[in-house]
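Notes for the structure review
If you want the building blocks of each chain, they are given just below.
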Amino acid sequence: MLILQTHIRVESRIAGTRTGSLVTKVKFLFRSTQKSTTLNPPEQGTGLGTFGGVYTPSILTILGVIMYLRFGWVVGNVGLLGTLAIVTLSTSITFLTSLSICAIATDRVVRAGGAYYMISRSLGIESGGAIGIPLYFAQAISVALYTIGFAESVVQTFPELNLQVVALVTTILVAILAITSAQVAIKAQYLIMAAIALSLVSLFFGQHIDPININEIQLWGKPDGKDFWVVFAVFFPAVTGIMAGVNMSGDLRDPIRSIPTGTLAAVGTGYVIYMLLPVLLAMRATSETLISDPLIMKQMSVWGDAILLGVWGATLSSALGSILGAPRVLQALARDGILPPWLKFLGTGSGADDEPRVATVVTLGLVLVAVAVGDLDLIAPVLSMFFLTTYLVLNLAAGIETLLKSPSFRPSFRVHWLLSLLGVVGCLGVMFLIDSVSTVLAAIIVFSIYIWLERRELESAWGDVRQGIWRALVRQGVMRLDYTPDTKNWRPHILVFSGAPTRRWNLIELAVFITHNRSLFTVSSILPSGSRDAAQQAEMECTIRDYLEKRGVQGLVRLITAPDLFTGAQKMVETYGLGPLVPNTILLGDSEKPARRERYCNMITKFHKAERNVVIFRDAGNRGFGRRQQIDVWWGGMQANGGLMLILAYLVRTSIEWRDAEIKLKLVVPNETAAQAATPNLDAMIKQLRIGAKSHVIVAKGRPFNEILRRSSENSDLVFLGMAQPGDNFSSYYERLQAMATELPATVLVLAAPDFPFSEVLTQEANVTSRN
C-alpha cells in the first residue's frame, strides 16, 4: 500500500531532526597524559559496545525514510551523476562533522548529554545551553513526527484503524521501551536493522520496471526537473544521523573508542549504500516513473512488502533514537543548572545505570501533546535547523580547540582545524539552502536563550575554550603594542590604591568615571608581610572581584604583601604590568596623618620619576560627589598639569553619571586689563578643543588664591587642582596644598608625568568628539 503523500512530505522535510542531542568535553589543564589508565579508568556506562551503542542507531538513522520514499524522486530529477554528486557532497559535510566529533570524543570521555556535554565543556555553559534547550525540544517533538508518519503508513495499509490512536499508542510503546532500559531499546533496534537489511537485499535482487538500455540512462536529469540545490536540500537530512550514537555517550562501555569507530563506520556504510542505490534505480526505471511513484522500490523488489517493513522500521528506529537521546540531554541540562531551579528534579537518575526515567516521562508528555496536535508540518524545517546548528557548533568547537593548540586538548584522533572550519562553512551553506527563513528563526531563538543564560550569570566547574581565545588575542595584542607613547590612542590606565574597596568606594567610583570601562583599571591593596599566604591572598582577590562585579565595575584586582604601605606601593608600580601594557596613572587617597607625610611625599616623587601620572583624591566625606552638576578646573596653562586635568575632567563629564555636568575652566588674573586679554584667549582655546567647557576668568583684586578658591568652588561638585613637580621641600609644599584644599568639595590633585604631550592627546580627544 502507498503511504500518504502528507507522510512523504513531512518525512522528507524533517528527516534531519532524527539525531538530536548536544556536544562537548571537559577540560582540565593538569591531567594525566594517558586518556585511560588502570589507576583512573573512565566511568562505565551500561556496557553498550561500539556496534550496539553507536553504529546501530547511527546507521538506522542514516538509512531512513528519505531513502525509501524520496531517493527515486532525487534520481529522477537530477539523474545518476547528479545524484552521486549530491550524495558525495552531503556525506562530505557529515564526514567533516564526524571528524570533529571524533576529535572531541577522544580528548575526553563524553558523559551523558552527548552533543550538549561536548559543546558546554568546549564553548562554555551558555553556548551549550543555548544549543541544548532548543535541541531538546526539537528532538522530543521529532518523536511525534516519526510516530505520526508511522501511523499514517499503518492506516493506509489498514484503513479501519484511527490515525491519532495509532500514533498515541505507538508513542507510548516506544517510550515504555526507552524507560525499561537502553539495553532493551538497542536490542529492539537489531530487529529493525534486520528489517532494513532484508528490504535492501530484496531490492538488490529485484527486477526492472521499465525496459531501459544502458545508453538511455539519464545522467544529469530532465531539463524540466527540479533545481539541483532544491533536490540537494531534500536529500541532505538523510545523511545527518551521526549524532544518534553520541546521544548514548553516557551508556557506552568505552566512549573514547566507540564514538569515533562507530560513527565513521556508519558514515562509510551509508555512503556506500547511497552510492549503489542510484545505479539500481537509474537502470530499472525511467525518470518519469521514479518521480511519480514514491514507493518505486516496492515494485522493484523481489518481495515488495519488505520495503514497507523497511519504511516502518526506519520511522520506528528514528522515534526510538530520539526518545532515547532527548531525555538524556534534558537530564544533563538539569544537572548543570541550565534549567531553572524548580526543574532540578529532571536531573534525577534511576537504577544502577542512572536511567533518566523522570526526564523520559516528562518528554513523553510533551510528545503526546505534539501527537494530539497532529499537524507539525510548519515547524519541521525549524527543527532541522537546530540539528544542523549543533553540527556547525561542533565543527567550530573542534576547530577552535585545535587552532589554539591548548596543552589541555590532546585528542587521540587528530583533525586539522581547516577541516573543521570547512565543516562549519558546509553546515551554514546547507542551512540556508534548505530554508533561509527557518535558519534565521533558529538563530534568533538560539541567541535569545544565550542572552538569557548570560544574564543569569551561571557558574560552571569547568573551563572552556573562550578563555583560550581571549588569551590568544591578548597575547597577539600585547606583542603588537608599541613601547613609544601614542597620543592618538592614549587612555588613562589606572592603578588604584584603594585598600578595602568598601571603605573608600568614592575612590573606585572616580576611577570608573574616568575609564568608562574602556581603559585598564586595577584595584590594588598592600597587605602586611606574613599576614596572608598565597592561597588566602588569592581568595581575597576573588572576593574583591566578586564585590566589584556585583557593583557593576569592570576592574582587575591585585594584592601584594610588603613591610609597609609605601614600600609595597612603590614595589607595585615598579613591577605591575605586562610588556608595554602598564598603568600610566596612579590614583590614591590623600594622607592626612602628619607623621606619614614625609614618606607619602617621597612615594609621590618616586611615582613621578617613574613617569607615571599621579592623581590624589580628597574625599568630601558624606557629601560625596554632590549633585554631579559642576566640575571646576583651575587653569594654569596647557603645559604641565593643565592638559591632563582637562582630559580627566572631560572623561568624567562624558560618563553616564556626569552627563548633565558642566566643566568650568577657571583662571585667576591680577586685574581687569589681564581679564580682558585672557577671556577671549581662553574662549578660543575651549572652542578649538571642543570639550564643552565654559571659561570663568576671576579678577583677584588683591585677594589671596586660597580665599578665591574656597569661595568660587564651594558649590562645585568636583574640583581639579594642579600640583607642582616634586623638588626640595616638597613635603612642606604638599602640607600647604592640603591646607588650601580644606573645606573644598571632592577635590582631585593632579601631577602629570614629565615630558608627556598632553596637549596633543587633548587635541585627539577633541577631534574624536567632533566626529562622533
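Before reading further, recall that the structure is shown in the block above.
Below you will find a few notes about this structure. Remember, predicted model here, so these are calculated numbers, not experimental data.

About the cut-offs
- Residues numbered from 1 in each chain as written.
- Predicted model: local features only at pLDDT ≥ 70, side-chain atom pairs only at ≥ 80, totals over all residues.
- Heavy atoms only, no water.
- Helix = DSSP H or I, 4+ residues; strand = E, 2+ residues; numbered from the N terminus.
- Buried < 20%, exposed > 50% of the residue type's maximum accessible area, 1.4 Å probe, protein only.
- Contact = heavy atoms within 4.5 Å.
- Areas by Shrake-Rupley, 256 points an atom, 1.4 Å probe, with all protein chains shown as cover.
- Patch = residues over 30% accessible without salt bridge, like charges linked within 9 Å, V, L, I, M, F, W, Y side chains within 5 Å.
- Salt bridge = Lys/Arg side-chain N within 4 Å of Asp/Glu carboxyl O.
- Core = buried A, V, L, I, M, F, W, Y, C linked by side-chain atoms within 4.5 Å.
- Pairing = 2+ DSSP bridges.
- Axes fitted to C-alpha atoms, helices over the stretch in contact; angles between N-to-C directions.
- Phe/Tyr/Trp six-rings, centres within 6.5 Å; stacked < 30°, edge-to-face > 60°.
- Left-handed = near helix turned anticlockwise from the far one by under 90°.
- Nonpolar A, V, L, I, M, F, W, Y, C, P; charged D, E, K, R; others polar.
- Expected span 1.5 Å × (residues − 1).
- Parallel < 35°, antiparallel > 145°, perpendicular 65-115°, else oblique.

Bringing the overall build of the protein chain into the picture now. The helix and strand tally for the protein chain stands at 27 helices and ten strands. Counting the 772 residues in the protein chain, one finds 56% classified as buried. Contacts in the protein chain between residues at least 24 apart in sequence constitute 85% of all its contacts with a sequence separation of at least 6. Entry remark: accessible area of the protein chain is about 33400 Å², with carbon and sulfur atoms responsible for 59%.

Once that is clear, we can look at a nonpolar patch on the surface. Taken together, Leu 198, Val 201, Phe 204, Phe 205, Val 302, Trp 303 and Leu 309 make up a surface patch of nonpolar side chains, about 690 Å² in accessible area. Broken down by element, the nonpolar patch gets its largest block of residues, three residues, from helix α8 (residues 182–204). Judged by its relative accessible area of 44%, Trp 303 falls in the partly exposed class.

For the rest of this paragraph, the subject is the nonpolar core. Among the nonpolar cores identified, the biggest contains 126 residues, and Phe 235 and Tyr 274 are the most heavily contacted of them. Examining the composition of this core, we find that 17 residues originate from one element, helix α6 (residues 125–157), more than from any other. Judged by nonpolar contacts, the second largest core, of 58 residues, contains Leu 510, Ala 511, Phe 617 and Leu 665.

All right, on to the sheet that holds strand β2 (residues 521–528) then. Taken in spatial order, the ten strands of this open sheet run β3-β2-β1-β4-β5-β10-β9-β6-β7-β8, and their pairing is mixed. Since the sheet does not close on itself, it has two edges, and those belong to β3 (556–562) and β8 (693–699), each with one partner. Mean inter-strand twist for the sheet, computed between neighbouring axes without regard to direction, equals 25 degrees. Strand direction decides the pairing type here: strand β9 (residues 718–722) and strand β10 (residues 747–751), joined by four bridges, are parallel. Each bridged residue has a counterpart across the sheet, and for Gly 722 the counterpart in β10 is Val 750.

Quick look at the packing of aromatic side chains now. Taken as a whole and assessed by the stated rule, the structure comprises 18 aromatic pairs. Plain terms: the ring middles of Phe 71 and Tyr 274 are 5.3 Å apart, the flat faces sit at 80 degrees to each other, and that makes the pair edge-to-face. Of the two residues, Phe 71 sits in helix α4 (residues 71–105) while Tyr 274 sits in helix α11 (residues 255–284), which places them 203 residues apart along the sequence. Given a relative accessible area of 0%, Phe 71 falls into the buried group.

The contact between helix α14 (residues 305–335) and helix α15 (residues 357–373) brings their axes to 8 Å, and the two run at 115 degrees. As α14 packs across α15, the resulting crossing turns out to be right-handed. Every residue of α15 that contacts α14 at Ile 323, Ala 326, Pro 327, Leu 330 and Gln 331 is listed here: Ala 359, Thr 360, Val 362 and Thr 363. For the contact of α14 with α15, the per-class residue count stands at six nonpolar, three polar and no charged.

With twelve residues, helix α26 (residues 730–741) ought to run about 16 Å at 1.5 Å a step, and its terminal C-alpha atoms sit 16 Å apart, in line with that. Downstream of α26 by one or two residues, Glu 743 has phi in the positive range, about 70 degrees.

To continue, consider the packing of α6 against helix α7 (residues 163–180). Packing of α6 against α7 brings their axes to within 8 Å, and their N-to-C directions diverge by 130 degrees. Of the possible angle classes, the one that applies to α6 and α7 is oblique. Between α6 and α7 lies a crossing of right-handed hand. Contact residues: Thr 147, Ile 148, Phe 150, Ala 151, Glu 152, Val 154 and Val 155 in α6; Leu 163, Val 166, Ala 167, Thr 170 and Thr 171 in α7.

Across its 31 residues, α14 extends 46 Å between first and last C-alpha, which sits within 8% of the 45 Å expected from 1.5 Å per residue. Of all the 31 residues making up α14, 27 are buried; the element is thus mostly covered by neighbouring parts of the structure.

Between side chains of opposite charge, pairing is possible as soon as their charged atoms come close. As enumerated under the stated definition, the model contains eight salt bridges in all. Put simply, Asp 564 and Arg 599 hold a salt bridge, and the shortest N to O gap is 3.2 Å. Residue Asp 564 is located in the loop between β3 and α21 (565–575), and its partner Arg 599 is located in helix α22 (residues 594–609); the two are separated by 35 residues in the primary sequence. For Asp 564, a relative accessible area of 23% translates into the label partly exposed. A salt bridge links Arg 711 to Glu 707, with the shortest nitrogen-to-oxygen separation between them at 3.8 Å. Placement of both Arg 711 and Glu 707 in helix α25 (residues 705–713) is noted, with a separation of four residues, approximately one turn of the helix. Residue classification places Arg 711 among the exposed positions, given a relative accessible area of 58%. Overall, Glu 707 belongs to the partly exposed group, its relative accessible area being 27%.

Purely geometric numbers; function is a separate question.
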